[in-house]
Structures are given as C-alpha cells and as structure tokens.
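# Fold and geometry: a report
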Amino acid sequence: MGKVYLTGAGPGDIELMTVKALRVVKEADVVIYDRLANPDILEEAKDGCEFVYVGKEDGRHIMPQDEINEVIYQNALKYENVVRLKGGDPFVFGRGGEEALYLHERDIKFEIIPGITSAISAPAYAGIPVTHRGVAVSFRVVTGHESPNKKVSQIPWNNFKTDDTIVFLMGLHNLAKISKKLQEIGKSADYPVAVISRGTTKDQSVVVGTLDTIVSKAKDVPTPALIVVGKVVLLRDQLKWFNA
Ligand code: SAH
C-alpha cells in the first residue's frame, strides 16, 4: 500500500511550485492531476511515471468527485508514491479535504503539501496586495460559485460592508450577480474591482473597473479567472510589474 501526497501545484507559474512539491513529483509512480495544475510540471516526473487526468474546468468537475476519490484510492493500492496534483493550494476550494477524508477512512497514509493559492498570487502578479496598511486590514477568499440569488446563502454578504478585500474564486459566470449583490449591501457603483485571468502565467490578463463597469469590461475574459473587490485594487496603478 502506498502513500498519497495531496500536493498544491501553485497557481500557474511553474517557479511558484514548492521545493517539496517538486520533490514528490520527481519521485512519483503516478500523478493524478487536473486542468489547473501547470502541465509542464509533469515533465519533471521520472521515466515510466503514469499520468491520470481527472479534469476539472473552472470549478466544475468533468469527473465526479466520488470517482476522483476512488481513482486516488485505487492508485494508492497499486503504487508506492501517489501524487495528487492540484492547482494552487489543495485545501483552498480544491476539495483536498474530501480526498484526504476518503483516504483516512480507508487507512491510506497521506501527506498534505500546501501550495501557493491563486487567491493571493494572482493579485500579487497583478500588483494588488490583498492587505495594505490603511486600506485593508484583512482579506477573505469566497466562493463565487454559489449564486448570490440563492434564498438561503451560506455566504455572509452582510459582513462585506467594510473595505476589507474580497477575493472570489470560481465566480466569473456570476460576476453580474456578485456586483449587484455588493451594491445592494451598500457598496457604491464606483467601488473598485479587478478580474484577473490566468494569473501568474504568460497569458495573464487583468481588467480593472468598478462594480458598475466590470461586467461589460470583463465579458470576454478567459478562465480560470478570479475577482478582487476592494480599494487595494487601486494600488495596481503604481504596483503593476508583471507583463506591464
Ligand atoms: N485550489 C485553487 C483554487 C481552486 S478553485 C487555488 O488555491 O488556487 C478554481 C478557481 O481558482 C478558478 O475558478 C479561479 O477563480 C481560480 N484560479 C485558479 N487558478 C487561477 C489563475 N491562475 N488565475 C486566476 N484565477 C485562478
């Protein structure tokens, strides 16, 4: 019986992968990966390493999570070193917790290798610090997958009235609803918003607007993309450095 390394691949730029992640990929007998993990990482694997794609598009699974769990488990029965490679960090909307529980219930050993999440690194590459003295004392990372029109929301919208930074992952298709909801709770129409697409990669693009304009400005943005809401967005004017 093998061990499973639930591994964060980082956000895209291969150099943002951790030394530990690189080591386990080099030692892997099998790498189980999805779309968000940079495929160049697979080139680091040894000869004979098996690759299993369990695709995931923009937060929506092509393979249901139950099946992914089972694929990981079956590989752990077969191989010594199993790497489950996930975009960003495995525990930030990566369903890594569910995969770890599934293994725990079956007595499979595992390790968690955190990764640099897109939630902070895509803003950093866009020149947007998620916290900044005098501007934002905290940041939240929120799912944008839940429709803001949902009757009973798990998202505490009423706590978003301050100027603290909000980063929405998986939210591009709900951008119009999110913008509307934030205005309903009291944010002004000219409140700053950025949409960052393919952050930290050579294809990174950044659209800056307001709650009022962002929907039309970002309508053709490719995924994966995240949304940053907050006054920190304005710092990009001076701090943009990548692809600038
Ligand atoms: N575990 C991942 C997030 C998985 S949820 C992490 O820590 O980064 C998938 C969402 O992450 C996407 O819908 C998108 O909002 C965001 N995302 C992932 N990679 C991204 C990137 N390179 N640029 C912008 N957003 C990204």
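Here the structure is a predicted model, which means the values were calculated and not measured.

## Brief notes about the overall build of the chain
- Within the chain, the regular secondary structure consists of 7 helices and 12 strands.
- Once the C-alpha set of the chain is aligned to its principal axes, its extents read approximately 55 × 40 × 35 Å.
- For the chain, the proportion of its 244 residues judged to be buried stands at 51%.
- With the model as given, the accessible surface of the chain reaches about 11,800 Å², and the carbon-plus-sulfur share is 52%.
- On the chain, the mean spot of the 30 positive side-chain charges and the mean spot of the 31 negative ones are 7 Å from each other.

## A look at unusual backbone geometry
- Omega for the peptide link from threonine 223 to proline 224 comes to -5°, which places this bond in the cis form.
- Take proline 224: it is sitting in the loop between helix 6 (214-217) and strand 12 (225-229).
- For aspartate 107, which is not glycine, the phi dihedral falls at a positive 60°.
- Look at aspartate 107 and you get exposed, because its relative accessible area is 65%.

## Quick notes on the domain arrangement of the chain
- Taken domain by domain, the chain comprises domain 1 (3-113) and domain 2 (118-239).
- Distance between the C-alpha centres of domain 1 and domain 2: 28 Å.
- With both sides pooled, the region where domain 1 packs onto domain 2 buries about 1,100 Å², and carbon together with sulfur makes up 63% of that total.
- Taken together, domain 1 and domain 2 are joined by 2 residue pairs in polar contact (both at pLDDT 80 or more).
- Residues of the side of domain 1 that touches domain 2, tallied by class, amount to 5 nonpolar, 3 polar and 4 charged.

## Overview of the site of the ligand
- Around the ligand sit 18 residues, and of these Val92, Thr117, Ser118, Gly199 and Ala225 come closest.
- At a separation of 2.7 Å, an oxygen atom of the ligand approaches a polar side-chain atom of threonine 117.
- Surface burial for the ligand is 98%, taken as the share of its 550 Å² of free accessible area covered by protein chains.
- In terms of residue class, the shell around the ligand is built from 10 nonpolar, 5 polar and 3 charged.
- Two domains each donate at least three residues to the shell around the ligand, and these are domain 1 (3-113) and domain 2 (118-239).

## As for the sheet that holds strand 12
- Judged by pairing direction, the sheet is mixed, and its 5 strands sit side by side in the order 8-9-12-10-11 without closing on themselves. Each edge of the sheet is formed by a strand with only one pairing partner; in this case those strands are strand 8 (139-143) and strand 11 (205-210). Neighbouring strand axes in the sheet, compared pairwise and without regard to direction, differ in orientation by 20° on average.
- The pairing of strand 9 (residues 165-169) with strand 12 spans 3 bridges and is antiparallel. Paired with phenylalanine 168 across the two strands is isoleucine 227, which belongs to strand 12.

## Section: the packing of aromatic side chains
- Counted by the stated rule, this structure contains 8 aromatic pairs.
- Between the aromatic rings of tryptophan 157 and phenylalanine 168, the centroid separation amounts to 5.8 Å while the plane-to-plane angle is 25°, which identifies the pairing as stacked. With a gap of 11 residues between them, tryptophan 157 in the loop between strand 8 and strand 9 and phenylalanine 168 in strand 9 connect regions that are remote in the sequence. By the burial criterion, tryptophan 157 is buried, and phenylalanine 168 matches it.
- Both rings, one in phenylalanine 160 and one in phenylalanine 168, keep their centres 6.5 Å apart while their planes meet at 75°; by these two values the pair is edge-to-face. Of the two residues, phenylalanine 160 and phenylalanine 168, both sit in the buried class.

## As for the sheet that holds strand 7 (residues 109-113)
- In space, the 5 strands of this open sheet follow the order 3-2-6-1-7, with parallel pairing throughout. Every interior strand has two partners, whereas the edge strands, strand 3 (50-53) and strand 7, have only one. Within the sheet, the average angular offset between the axes of one strand and its neighbour, ignoring direction, is 20°.
- Looking at chain direction, strand 1 (residues 3-8) and strand 7 are connected through 5 bridges and run parallel.

Parameters and conventions
- In this numbering scheme, every chain counts its residues from 1 along its sequence in written order.
- Residues qualify for local features only when their pLDDT is at least 70, as the model is predicted, and side-chain atom pairs are given and counted only at 80 or more; totals for whole chains, interfaces and linings, by contrast, use all residues.
- Computation of side-chain values covers all heavy atoms of the structure but excludes hydrogens and water.
- Starting at the N terminus, helices and strands are each numbered in turn, a helix being any DSSP run of H or I of at least four residues and a strand any DSSP run of E of at least two.
- Relative accessibility under 20% of the residue-type maximum defines a buried residue, over 50% an exposed one, and the middle range a partly exposed one, all with a 1.4 Å probe and only protein chains included.
- Surface accessibility follows the Shrake-Rupley procedure with a 1.4 Å probe radius. Residue values consider only the protein chains on display as shielding.
- Positive charge is attributed to Lys and Arg, negative charge to Asp and Glu, and no charge count is given to His or to the chain ends.
- Taken as the charge centre is NZ of Lys, CZ of Arg, CG of Asp or CD of Glu, depending on the residue.
- Bear in mind that the domain bounds are from an automatic or database domain assignment.
- Two parts lose some accessible area (1.4 Å probe) when they are put together, and adding that loss for both gives the buried area.
- Between N or O atoms, a polar contact is any pair within 3.5 Å; within protein, one atom must be a potential hydrogen donor and the other a potential acceptor, and residues adjacent in sequence are included only when both atoms are from side chains.
- For this classification, Asp, Glu, Lys and Arg are treated as charged, while Ala, Val, Leu, Ile, Met, Phe, Trp, Tyr, Cys and Pro are nonpolar and the rest, including Gly, are polar.
- Working definition: residue near molecule or strand if any one of its non-hydrogen atoms lies within 4 Å of it.
- When DSSP finds two or more bridges between two strands, those strands count as paired.
- Fitted lines through C-alpha atoms give the axes, limited to the stretch in contact for helices. The angle between two N-to-C directions lies from 0 to 180 degrees.
- Each pair of aromatic rings taken from Phe, Tyr and Trp, with Trp reduced to its six-membered ring, is defined by centres within 6.5 Å and is described as stacked if the planes are under 30 degrees apart, edge-to-face if over 60, and tilted in the remaining cases.

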